[in-house]
Amino acid sequence: CLSFIDLFAGIGGIRVAFEAIGAKCIFSSEWDKYARQTYEANFKEAPYGDITKINIQDIPKFDILCAGFPCQPFSSIGKREGFQHQTQGTLFYEIVKILDNKKPLAFLLENVEGIVHHDRGQTLKVILESLDNLNYEIFYQVLDAANYGVPQHRKRIYFVGFNRNYSNKKIEFNFPQEKKEKPNIGKFVETHPEGYCISKHLQK
């Protein structure tokens, strides 16, 4: 089966999706104390901590890199000398380093939709250039979770990339089609739950 690593893992939302289609997580990283505790409760394994402190050689060989990385500005101060220089000092730089070193088959990156216009479009431009320089064919699109069976408007931009070294023909990819029906939160609310519960006020 395909293997993947889960970076900036949070409580494991991306991992749930990949494991649902049979992929295997072989490495994870998350720095937030409480997210790490929840992740361990969910998956019975504690993720590594601060990604900037991880030795790339300690990351096993994998097929797909998954990361919901934070949005940070990329400084335009000083002379730029290639993609690594442009992203240095940001957490996205850690992804660049791992992709450059491990050269996996593919990646999935997720971020807030505001990154499209962040720093007047400069952040998005640097991200795309950096990934292209690593020889990945990149596809990106803003998707709203409400259009895919989730009872919540949650717009995020997704970057999907495929290593050109693995294909001798043009790489094609299409994001999934939106679902016509929108689910209501009532479909997911438990009836007569035991244990913790919301207050009578909120129930009303």
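Since the structure is predicted, the reported quantities are computational estimates derived from the model, not experimental observations. (Residues numbered from 1 in each chain as written. Predicted model: local features only at pLDDT ≥ 70, side-chain atom pairs only at ≥ 80, totals over all residues. Heavy atoms only, no water.)

Asks: Explain the overall build of the protein chain to me, please; I cannot follow it from the model alone.
Replies: A tally of regular secondary structure across the protein chain gives six helices and six strands. Going from N to C terminus, the protein chain has its helices and strands arranged as β-α-β-α-β-α-α-β-α-β-β-α. For the protein chain, with 204 residues in total, the buried portion stands at 37%. Looking at the protein chain alone, contacts between residues at least 24 apart form 63% of all its contacts between residues at least 6 apart. Within the structure as shown, the protein chain displays about 12900 Å² of accessible surface, and the carbon and sulfur contribution to it stands at 52%. (Helix = DSSP H or I, 4+ residues; strand = E, 2+ residues; numbered from the N terminus. Buried < 20%, exposed > 50% of the residue type's maximum accessible area, 1.4 Å probe, protein only. Contact = heavy atoms within 4.5 Å. Areas by Shrake-Rupley, 256 points an atom, 1.4 Å probe, with all protein chains shown as cover.)

Asks: How do you make sense of the layout of surface pockets when you look at a structure like this?
Replies: Any empty space left between the atoms is revealed when a probe the size of a water molecule rolls over them. Approximately 1300 Å³ is the volume found for the largest pocket. Elements that contribute at least two residues to the lining of the largest pocket include exactly helix 1 (13-20), strand 4 (106-112), strand 5 (136-144) and strand 6 (155-163). Sort the elements by how many residues they give to the lining of the largest pocket and strand 4 lands first, with six residues. Taken together, the residues of the lining of the largest pocket break down into 29 nonpolar, five polar and six charged. (1 Å grid on protein atoms, 1.4 Å probe; cavity = no way out; pocket = protein on both sides within 12 Å on 5 of 7 lines; lining within 4 Å. Points joined across faces, edges and corners; volume = space filled by probe spheres on them. Nonpolar A, V, L, I, M, F, W, Y, C, P; charged D, E, K, R; others polar.)

Asks: Explanation requested: the side chain of Ser3 in the structure shown.
Replies: If you trace the backbone, Ser3 turns up in strand 1 (residues 3-7). In this structure, Ser3 is in contact with Lys24, Ile26, Lys61, Phe62, Asp63 and Ile64, ignoring residues within four places of it in sequence.

Asks: I keep staring at the pairing of strand 1 and nothing clicks. Help me out?
Replies: Remember that side chains alternate between the two faces of the sheet whenever the strand is regular. Within strand 1, five of the five residues are buried, which leaves the element mostly enclosed by the surrounding structure. Residues Ser3, Ile5 and Leu7 line one face of strand 1 and the alternating positions Phe4 and Asp6 line the opposite face, and both faces are buried. Across four bridges, the pairing between strand 1 and strand 2 (residues 24-28) is parallel. Its bridge partner lying in strand 2, Ser3 is registered against Lys24. Handedness of the strand 1-helix 1-strand 2 crossover: right-handed. Two elements, strand 1 and strand 3 (residues 64-67), share four bridges in a ladder whose sense is parallel. Following the sheet pairing, Ile5 is matched in strand 3 by Leu65. (Pairing = 2+ DSSP bridges. Right-handed = clockwise from strand over helix to strand, strands pointing away.)

Asks: I'm lost on the packing of helix 4 (residues 92-102) against helix 5 (residues 122-133) in this one. Help?
Replies: Helix-helix packing: each pair is described by the crossing angle between the helix axes and the interaxial distance. Remark: helix 4 packs on helix 5, axes separated minimally by 10 Å, with the N-to-C direction vectors making an angle of 10°. If you check the angle between helix 4 and helix 5, you find them roughly parallel. From helix 4, Phe92, Val96 and Leu99 reach across to helix 5, where they touch Ile127, Ser130 and Leu131. Considered class by class, the residues forming the contact of helix 4 with helix 5 number five nonpolar, one polar and no charged. (Axes fitted to C-alpha atoms, helices over the stretch in contact; angles between N-to-C directions. Parallel < 35°, antiparallel > 145°, perpendicular 65-115°, else oblique.)

Asks: Would you take a moment to explain empty space enclosed by the protein for this structure?
Replies: Scanning all chains against the criterion turns up one cavity of 30 Å³ or more. Counted as a void, the largest cavity has a volume near 40 Å³. Split into classes, the residues belonging to the lining of the largest cavity amount to five nonpolar, no polar and two charged.

Asks: In this structure, what is going on with the pattern of salt bridges? I would like to understand it.
Replies: A side chain of one charge can pair with a side chain of the opposite charge when the charged atoms of the two come close. As enumerated under the stated definition, the model contains nine salt bridges in all. Notably, a salt bridge pairs Lys53 with Asp50, separated by 3.3 Å at the nearest N-O pair. Using a relative accessible area of 67% as the deciding quantity, one classes Lys53 as exposed. When the shortest N-O distance is used, the salt bridge between Lys125 and Glu129 registers 2.8 Å. Taken together, the positions of Lys125 and Glu129, both in helix 5 and four residues apart, correspond to about one turn of that helix. Judged by its relative accessible area of 43%, Lys125 is partly exposed. Judged by relative accessible area, Glu129 falls into the partly exposed class, the value being 30%. (Salt bridge = Lys/Arg side-chain N within 4 Å of Asp/Glu carboxyl O.)

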